[in-house]
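So the chains spell out like this:
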Amino acid sequence: MSVQPAGQPVPSVPSVQTGPPGPTAVPVGGLRDRLCDAATRVIADEGWARVTMARLADEVGVSRQTVYNEIGTKSDLAEAVVLRELDRFLAGVVRSFDENPDDLVQAIRDSARRVLKYARNNALLHAIVSATHGADTELLPLLTTHAESLLVAAKVVVGERVSSYRIDLPPDRLDAAIDMVVRVVLSHVMQPTADPASTADDIAWVAAKVLG
């Protein structure tokens, strides 16, 4: 899904370097993204176990203390990386709804297709799902047993877009329908069974039956 900033990354702490002048300073505004980029490369190439704060500091050109100040713990880093990727997925969702303002089912179809197509070629997601190099220890649970923050963020974005359509459902039933669609799409992201277009058609068919 296309992504509009909708994740809720770990709050940043102002970057403060201690000790003698260290590596080249990086503008704080772009530091989190650069650290997440570096972490993503290492995860995709070598696995989560090879990610360390010291290595990220070397990759980006800052001190290790600056990395801790900006990101927090390694668990915080895992959440930041996954939620940032969710933002990118949700950007596609937003785009699909914006392109189909009068056809909710088509918006859902396009959203699902975009998300699944993006997931198919996503090296970070493949590394997490395949649980290679010990990636499952902290990253995989963020997408499975502890995926509540991802589901909440996705449901908020979809819910905001769906609210602009005329749907003859009471609020609690509409919430249940949105929850169903989001969970089905996420399950196909984690374990695809067909090509993105075919799966998106199936999801749209189910959504049409539920939404009327």
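The paragraphs below set out a description of the structure included in this document. Predicted model, so just to flag it, every value in this text is computed and none were measured.

The rules behind each value
- Residues numbered from 1 in each chain as written.
- Predicted model: local features only at pLDDT ≥ 70, side-chain atom pairs only at ≥ 80, totals over all residues.
- Heavy atoms only, no water.
- Core = buried A, V, L, I, M, F, W, Y, C linked by side-chain atoms within 4.5 Å.
- Buried < 20%, exposed > 50% of the residue type's maximum accessible area, 1.4 Å probe, protein only.
- Helix = DSSP H or I, 4+ residues; strand = E, 2+ residues; numbered from the N terminus.
- Contact = heavy atoms within 4.5 Å.
- Axes fitted to C-alpha atoms, helices over the stretch in contact; angles between N-to-C directions.
- Parallel < 35°, antiparallel > 145°, perpendicular 65-115°, else oblique.
- Left-handed = near helix turned anticlockwise from the far one by under 90°.
- Nonpolar A, V, L, I, M, F, W, Y, C, P; charged D, E, K, R; others polar.
- Phe/Tyr/Trp six-rings, centres within 6.5 Å; stacked < 30°, edge-to-face > 60°.
- Lys NZ or Arg CZ within 6 Å of the ring centre and 35° of its normal.
- Patch = residues over 30% accessible without salt bridge, like charges linked within 9 Å, V, L, I, M, F, W, Y side chains within 5 Å.
- Areas by Shrake-Rupley, 256 points an atom, 1.4 Å probe, with all protein chains shown as cover.
- Salt bridge = Lys/Arg side-chain N within 4 Å of Asp/Glu carboxyl O.

### Remarks on the nonpolar core
Stage number 1. In terms of nonpolar packing, the biggest core is built from 58 residues, with Val 51, Leu 56, Leu 77, Phe 97 and Ile 108 touching the most fellow members.
Stage number 2. With twelve residues, the single largest contributor to this core is helix 4 (residues 74-99).
Stage number 3. Those residues in contact with Leu 77 that sit more than four places away from it in its chain are Ala 39, Trp 48, Val 51, Met 53, Leu 56 and Ile 71.

### Digging into the packing of helix 4 against helix 8 (residues 148-162)
Stage number 1. The N-to-C vectors of helix 4 and helix 8 enclose an angle of 20°; their axes lie 10 Å apart at closest approach. Judged by the inter-axis angle, helix 4 sits roughly parallel to helix 8. Pair helix 4 / helix 8 crosses with right-handed handedness. Of helix 8, the residues touching helix 4 (which contributes Glu 79, Val 82, Leu 83, Leu 86, Leu 90, Val 93, Val 94, Phe 97 and Asp 98) are Ser 149, Leu 150, Ala 153, Ala 154, Val 157, Val 158, Arg 161 and Val 162.
Stage number 2. Taken together, the residues that form the contact of helix 4 with helix 8 break down as 13 nonpolar, one polar and three charged.

### Brief notes about the packing of aromatic side chains
Stage number 1. For the structure shown, the criterion picks out two aromatic pairs.
Stage number 2. With a centroid separation of 6.1 Å and an interplanar angle of 70°, the aromatic rings of Phe 97 and Tyr 165 are classed as edge-to-face. Linking Phe 97 in helix 4 with Tyr 165 in the loop between helix 8 and helix 9 (171-190), this pair joins segments that are 68 residues apart in sequence.
Stage number 3. Overall, Phe 97 belongs to the buried group, its relative accessible area being 4%.
Stage number 4. Above the ring of Trp 48, the side-chain terminus of Lys 74 is found at 4.7 Å from the ring centroid.

### Considerations on the packing of helix 2 (residues 53-60) against helix 3 (residues 64-71)
Stage number 1. Their axes nearest at 8 Å, the elements helix 2 and helix 3 cross at an angle of 105°. By the angle between their directions, the pair helix 2 and helix 3 is classed as roughly perpendicular. Here Met 53, Ala 54, Leu 56 and Ala 57 of helix 2 lie close against helix 3, whose contacting residues are Arg 64, Val 67, Tyr 68 and Ile 71.
Stage number 2. Split into classes, the residues belonging to the contact of helix 2 with helix 3 amount to seven nonpolar, no polar and one charged.

### Considering a nonpolar patch on the surface
Stage number 1. On the surface, Trp 205, Val 206 and Val 210 cluster together into a nonpolar patch covering about 280 Å² of accessible area.
Stage number 2. For Val 210, the position within the fold is in helix 10 (residues 196-211).

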